[in-house]
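Fold and geometry: a report
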Amino acid sequence: GSAGAAVSLRALGGTLGILQSDPQAFLQGQAASADGVDTAFEAHVQSLIDARAQAKQARDFARADSIRAELTALGVALKDAATGTTWVRA
């Protein structure tokens, strides 16, 4: 059932260092950083942004769009500028 899936997803998230905080707090950007969740999440987002920048530089726009979609699914909104890409939780 969905409860079993939620437990499995949270266990997998623990391996990645994500999905461990209260979903509502996370969505409001209030996840506790004491347990390293925010740090791990931010590092993951930055690695995806870096990979997207490399894909764009290589003119692999399909891959860049795919990475943007992945970030959107994580609740991250990208802001591209001449000075680089920044992000906020959507």
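Here's a quick rundown of the structure. Remember, it's a predicted structure, so these values are computed and weren't measured experimentally.

Describing the overall build of the protein chain
Within the protein chain, the secondary structure is distributed over four helices and two strands. N-terminal to C-terminal, the α/β element order of the protein chain is α-α-α-α-β-β. With the model as given, the accessible surface of the protein chain reaches about 5,900 Å², and the carbon-plus-sulfur share is 57%.

A few points about the nonpolar core
With eight residues, the main nonpolar core is built from Phe-41, Val-45, Leu-48, Ile-49, Ile-67, Leu-71, Val-76 and Leu-78. Listing elements by their share of this core, those giving two or more residues are helix H3 (37-57), helix H4 (61-73) and strand E1 (76-81). Among the elements that make up this core, the one with the highest residue count is H3 (four residues). The contacts of Leu-78, once residues within four sequence positions are left out, are Ile-49, Arg-52, Arg-68, Leu-71, Thr-85, Thr-86 and Trp-87.

With respect to the environment of Glu-70
Locating Glu-70 in the fold gives a position in helix H4. By relative accessible area, Glu-70 is classed as partly exposed at 36%. In this structure, the C-alpha to C-alpha distance between Glu-70 and Leu-48, residues 22 residues apart in sequence, is 8.6 Å. Apart from the residues within four sequence positions on either side, Glu-70 is in contact with His-44 and Leu-48.

So, unusual backbone geometry
Notably, Arg-59 is not glycine yet its phi reads approximately 60°, a positive angle. Within the secondary structure, Arg-59 is located in the loop between H3 and H4.

Observations regarding the side chain of Arg-52
Of note, Arg-52 is situated in helix H3. Side chain to side chain, Arg-52 and Asp-80 meet in a polar contact 2.9 Å long. Sequence-distant contacts of Arg-52, defined by excluding residues within four places in its chain, comprise Ala-64, Ile-67, Arg-68, Leu-78, Asp-80 and Thr-85.

A look at the pattern of salt bridges
Considering all chains together, one arrives at three salt bridges under this definition. For Asp-80, the salt bridge goes to Lys-56, with nearest N and O atoms at 4.0 Å. Here Asp-80, found in strand E1, pairs with Lys-56, found in helix H3; they are 24 residues apart in sequence, far enough to count as distant. Take Lys-56: its relative accessible area is 33%, and that puts it in the partly exposed class. In this structure, Arg-68 engages Asp-80 in a salt bridge whose closest nitrogen and oxygen atoms are separated by 2.8 Å. Note that Arg-68 is positioned in helix H4 and Asp-80 in strand E1, a separation of 12 residues in sequence. According to the relative accessible area criterion, Arg-68 is partly exposed, its value standing at 29%. Each of the salt bridges in this network shares a partner with another, and the network as a whole consists of Arg-52, Lys-56, Arg-68 and Asp-80.

Calculation criteria
- Residues numbered from 1 in each chain as written.
- Predicted model: local features only at pLDDT ≥ 70, side-chain atom pairs only at ≥ 80, totals over all residues.
- Heavy atoms only, no water.
- Helix = DSSP H or I, 4+ residues; strand = E, 2+ residues; numbered from the N terminus.
- Areas by Shrake-Rupley, 256 points an atom, 1.4 Å probe, with all protein chains shown as cover.
- Core = buried A, V, L, I, M, F, W, Y, C linked by side-chain atoms within 4.5 Å.
- Buried < 20%, exposed > 50% of the residue type's maximum accessible area, 1.4 Å probe, protein only.
- Contact = heavy atoms within 4.5 Å.
- Polar contact = N/O pair within 3.5 Å; in protein donor to acceptor, adjacent residues only side chain to side chain.
- Salt bridge = Lys/Arg side-chain N within 4 Å of Asp/Glu carboxyl O.

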